[in-house]
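# Report on the structure
Chain by chain, the residues run as shown.
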Amino acid sequence: MSEVPDDEVDRIVAAWGRERPDLDVSPLEVLSRVSRLARHLDLARRDAFGAHGLESWEFDVLSALRRAGDPYELTPTQLVRQTLVTSGTMTNRISRLVERSLVERVASEADHRSTLVRLTATGRDVVDAALADLVADERGLLQGVPPGRQAELAQLLKGLLAPFDGA
């Protein structure tokens, strides 16, 4: 792999090393870059979702339903678990998505006391289009990493995240 020129993180780490030689600031070399990359990823996601009239939270809910497979439905509790929000927040989000005709509430055939949230055809079209744009944008963000090294990077990041994800 060719040498990558110094970046802002290199300058920050060098400055801290000069000003605080008593501290090992090497974690900044990784995590400051992760933080900066996260900002770029947030912007790319906002653009991809916004092009389809979606907010990030809307994409989260719609994509959870889409990944569930046909008939693209989950209980509100399953949606809470998958999107890591409170039940009150999820109730509000479902109502807003129902108003936009992206999801519908349906009675559970297994338990008529329960309600399921189902992706509508419109919701499926919107989330599929937003996902296609997102994947293209994210592929662009990874252009600095050779394809053969992306799997290695993915595994390294997986190991970094494991303690937080309970893996």
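- By the naming in an unreviewed UniProt entry, the chain is MarR family transcriptional regulator, taken from Serinicoccus chungangensis.

### Examining the nonpolar core
- Formed by 25 residues in total, the largest nonpolar core has its most connected members in Leu-54, Leu-62, Leu-65 and Leu-79.
- Mapped onto this core, the elements with two or more residues apiece are helix 2 (27-50), helix 3 (56-67), helix 4 (76-83), helix 5 (87-99), strand 3 (115-119) and helix 6 (121-141).
- Counting residues per element, this core draws most heavily on helix 3, which supplies six residues.
- Leave out the neighbours within four places in its chain, and Leu-65 touches Tyr-72, Glu-73, Leu-74, Leu-79, Val-103, Val-117 and Leu-119.

### Thoughts on the packing of helix 1 (residues 8-19) against helix 2
- The interhelical angle for the contact between helix 1 and helix 2, taken along N-to-C directions, is 140°, at an axis separation of 10 Å. As judged from the angle between their axes, helix 1 and helix 2 are oblique. As helix 1 packs across helix 2, the resulting crossing turns out to be right-handed. Residues Glu-8, Val-9, Asp-10, Val-13 and Trp-16 of helix 1 form the contact with helix 2, whose own contacting residues are Leu-28, Glu-29, Ser-32, Arg-33 and Arg-36.

### So, the packing of helix 2 against helix 6
- The geometry of helix 2 relative to helix 6 is characterised by a closest axis approach of 9 Å and an angle of 150° between their N-to-C directions. Here helix 2 lies roughly antiparallel to helix 6, going by the angle between them. Our pair here, helix 2 against helix 6, has a crossing hand that is right-handed. Between helix 2, through His-40, Leu-41, Ala-44, Arg-45, Ala-48 and Phe-49, and helix 6, the contact on the second element is made entirely by Ala-130, Asp-133, Leu-134, Asp-137, Glu-138 and Leu-141.
- Tallied by class, residues from the contact of helix 2 with helix 6 come to seven nonpolar, one polar and four charged.

Criteria and cut-off values
- Residues numbered from 1 in each chain as written.
- Predicted model: local features only at pLDDT ≥ 70, side-chain atom pairs only at ≥ 80, totals over all residues.
- Heavy atoms only, no water.
- Core = buried A, V, L, I, M, F, W, Y, C linked by side-chain atoms within 4.5 Å.
- Buried < 20%, exposed > 50% of the residue type's maximum accessible area, 1.4 Å probe, protein only.
- Helix = DSSP H or I, 4+ residues; strand = E, 2+ residues; numbered from the N terminus.
- Contact = heavy atoms within 4.5 Å.
- Axes fitted to C-alpha atoms, helices over the stretch in contact; angles between N-to-C directions.
- Parallel < 35°, antiparallel > 145°, perpendicular 65-115°, else oblique.
- Left-handed = near helix turned anticlockwise from the far one by under 90°.
- Nonpolar A, V, L, I, M, F, W, Y, C, P; charged D, E, K, R; others polar.

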